[in-house]
Amino acid sequence: MKDYIIIGAGQSGLAIAYYLHKQNVNYLVLDANTEIGAPWLKRWDSLKLFTPSEFNSLPGLKFPHEKGHYADKYEVADYLKSYVAEFNIPVAFNHKITSLKKENGVFKLKSNLKEFEAKNVIIATGPFHKPFTPSCHLKISEAILQIHSEHYKSIAQLQEGATLVVGAGDSGVQILSEISKTNTQVYFSGNTNITSLPQEILGKTLWWWFHKVGFLTANKYSWIGKMLSKTAQPVIGTDVKTLFKKENITCVGRTLDANEQTITFEKQEVTDIKNIVWATGFKPNFSWIDGIELDESNYPKNYRGVSKTMDGLYFLGLPWLYTRGSATLGGVQRDAKYLKKHLFGKSKKKQKKQAV
């Protein structure tokens, strides 16, 4: 029996583990991967953070790179590994939790290997659960290589010939830019009316400006937070207008349908595609939690990570859990600190009641 079990050893799970470590409670972190930093290492090889080093620290340990440095995925993974070593955080790997239920005041967790019990559970599995791919992908010929951005590493994975990139988010735009540098034919499917922002403005990083104007600290219940949370996330660091004008990139609009090697878009039909990269995002999946209530976005109902439907259940790392930065490396610290205060403030109140 543990006082706390944290599900997920990514940035969110490690941030709250730091505070549990400081309180000397009996806790354990469970993770489905084989090593710390695995989700970062699985991303494409050229990936770099949009946030400079000074905005990437978890509680208690500064991100170990100079100010203004944009870290790659290997540097992030190394930082997370050093974080676990620095605070001696107990992590059990290869435990993908398939079931969580509360019985007689105790949480029962089942993984593919073992069962666990805890008085409290903190779910820090992040926002990326089930890769989403449009249903028309099932109608596409097996001769065309299809890969979701979750599994895209580099252009070396692709067959010779034209490539389609689907998705207008940061991942889609970065992958499109990388593939277009090979001078092969590239089709882009998605909204081209994208807001893009440079990484630096007037000698200061974009995140410095965001901090100054309050974009990073505005909570989702405030007027500005409500406005920002409903606005499409801008693409950062890539000039999309210039990118879309490249001679070897053809923008074809939304993907509508497919029939073997013919793919139909808003603007035209294409028959020469040899590869498709689906940068179409992820869907949340909390179906393994018994008795949980979800909101209209299929995320658990909570206030600042505290479940509204189950006492002793908590969440970290969800998009807009409280602010825009809630699911980012540097932004999770604020949410973890709030949850720590909630947990141990609650514990002190309970002890006072018992003493009376």
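Structure: above.
Within any chain, residue numbers begin from 1 and follow the written order of that chain's sequence. For this predicted model, a pLDDT threshold of at least 70 governs which residues receive local features, and a threshold of 80 or more governs which side-chain atom pairs are given and counted, while totals over whole chains, interfaces and linings are taken from all residues. Heavy atoms throughout the structure, all of them, feed into the side-chain values; hydrogens and water do not.

A. Examining helix α3 (residues 73-86) more closely. Counting from the N terminus, the helices are DSSP H or I runs at least four residues long and the strands are E runs at least two residues long. In a helix, the anticipated span is given by 1.5 Å times the number of residues less one. Along its 14 residues, α3 runs 20 Å from first to last C-alpha, staying within 8% of the 20 Å computed at 1.5 Å per residue. Only protein chains enter the accessibility calculation, which uses a 1.4 Å probe; a residue whose area is less than 20% of its type maximum is buried, one above 50% is exposed, and one in between is partly exposed. For α3, the set of buried residues is Lys73, Val76, Ala77, Tyr79, Leu80, Tyr83 and Val84. Projected onto a plane normal to the axis of α3, the buried residues spread over an arc of 160° and lie on a single side. Away from its buried face by more than 90 degrees, α3 exposes Ala85 and Glu86. Only heavy atoms enter the contact rule, under which two residues are in contact if any of them lie within 4.5 Å. Where α3 is buried, its residues touch α1 (11-22), α2 (38-41) and β3 (91-92). This arc describes the spread of directions from the helix axis toward the C-beta atoms.

B. Expanded view of the side chain of Lys73. Assignment of secondary structure puts Lys73 in helix α3. In this structure the side chain of Lys73 is engaged in a polar contact, spanning 2.9 Å, whose partner is the backbone oxygen of Leu41. Between N or O atoms, a polar contact is any pair within 3.5 Å; within protein, one atom must be a potential hydrogen donor and the other a potential acceptor, and residues adjacent in sequence are included only when both atoms are from side chains. There is a polar contact of 3.2 Å between the side chain of Lys73 and the side chain of Asp45. Ignoring any residue separated from it by four or fewer positions in sequence, one finds Lys73 in contact with Trp40, Leu41, Arg43, Trp44, Asp45, Leu47 and Lys153.

C. Main features of the packing of aromatic side chains. The criterion for an aromatic pair is that two Phe, Tyr or Trp rings (for Trp, the six-membered ring) have centres within 6.5 Å, with stacked assigned to planes under 30 degrees apart, edge-to-face to planes over 60 apart and tilted to the rest. Summed over the entire model, instances satisfying the criterion amount to twelve aromatic pairs. Centroid distance Tyr4 to Phe344: 6.1 Å. Interplanar angle 55°. Geometry classified as tilted. Taken together, the residues Tyr4 in strand β1 (residues 2-7) and Phe344 in helix α8 (residues 332-355) connect sequence positions 340 residues apart. Judged by its relative accessible area of 11%, Phe344 falls in the buried class. Here the aromatic rings of Tyr83 and Phe87 are separated by 5.0 Å at their centres, their planes lie at 70°, and the arrangement is edge-to-face. By relative accessible area, which is 0% here, Tyr83 ends up buried. Note that Arg304 overlies the ring of Tyr322, its terminal NZ or CZ placed 3.5 Å from the centroid. Two limits define a charge over a ring: the Lys NZ or Arg CZ must be within 6 Å of the ring centre, and within 35 degrees of the ring normal. The lysine or arginine in question, Arg304, covers the ring of Tyr338, its NZ or CZ lying 3.9 Å from the ring centre.

D. Examining the sheet that holds strand β9 (residues 162-166) more closely. Two strands qualify as a pair provided that DSSP identifies no fewer than 2 bridges between them. Sheet architecture is open: five strands sit in the order β8-β19-β9-β10-β15, paired in parallel fashion. Taken across any chain shown, the strands that pair with only one partner, and hence form the sheet edges, are β8 (145-148) and β15 (249-251). Neighbour to neighbour, the strand axes of the sheet diverge by 20° on average, direction disregarded. Bridge analysis of strand β10 (residues 186-189) against β15 gives three bridges, and the strand direction is parallel. Its bridge partner being in β15, Tyr187 is matched across the sheet by Thr250. Comment: axis = line fitted to C-alpha atoms, over the contacting stretch for helices; angle = value between 0 and 180 degrees taken between N-to-C directions.

E. The pattern of salt bridges, seen in detail. When a carboxyl oxygen of Asp or Glu lies within 4 Å of a side-chain nitrogen of Lys or Arg, that pair is called a salt bridge. On inspection of all chains with the given rule, the structure shows seven salt bridges. The partner of Glu117 in a salt bridge is Lys108, and the shortest N-O contact between them spans 2.6 Å. By relative accessible area, which is 33% here, Glu117 ends up partly exposed. Judged by its relative accessible area of 28%, Lys108 is partly exposed.

F. Focus on the sheet that holds strand β18 (residues 269-270). The sheet built from three strands is open, its strands ordered β16-β17-β18 with antiparallel pairing. At either end of the open sheet lies a strand with only one pairing partner, and these are β16 (255-259) and β18. Judged from the four bridges that link them, β16 and strand β17 (residues 262-265) form a sheet pairing that is antiparallel. Counted as the bridge partner of Ala258 is Ile263 from β17.

G. Just the environment of Gly190, in detail. Relative to the elements of secondary structure, Gly190 occurs in the loop between β10 and β11 (196-197). Placed 46 residues apart in sequence, Gly190 and Ile236 show a C-alpha to C-alpha distance of 17 Å. In this view, Gly190 contacts Gly253 and Arg254; residues no more than four positions away in its chain are not counted.

H. Just the packing of α1 against α3, in detail. For the pair α1 and α3, the least separation of the axes is 11 Å and the interaxial angle reads 25°. On the basis of their axis angle, the class for α1 and α3 is roughly parallel. Here the hand of the crossing between α1 and α3 comes out left-handed. Here α1 contributes Gln11, Leu14, Ala15 and Tyr18 to the contact with α3, which in turn contributes Leu80, Tyr83 and Val84. Residues belonging to the contact of α1 with α3 are distributed by class as follows: six nonpolar, one polar and no charged. For classification purposes, angles smaller than 35 degrees are called roughly parallel, those larger than 145 roughly antiparallel, those between 65 and 115 roughly perpendicular, and all remaining angles oblique. Crossings are sorted by hand: turned counterclockwise from the far helix by less than a right angle, the near helix makes the crossing left-handed, and turned clockwise it makes it right-handed. Ten residues, namely Ala, Val, Leu, Ile, Met, Phe, Trp, Tyr, Cys and Pro, are considered nonpolar, four, namely Asp, Glu, Lys and Arg, are considered charged, and the remaining ones, Gly among them, are considered polar.

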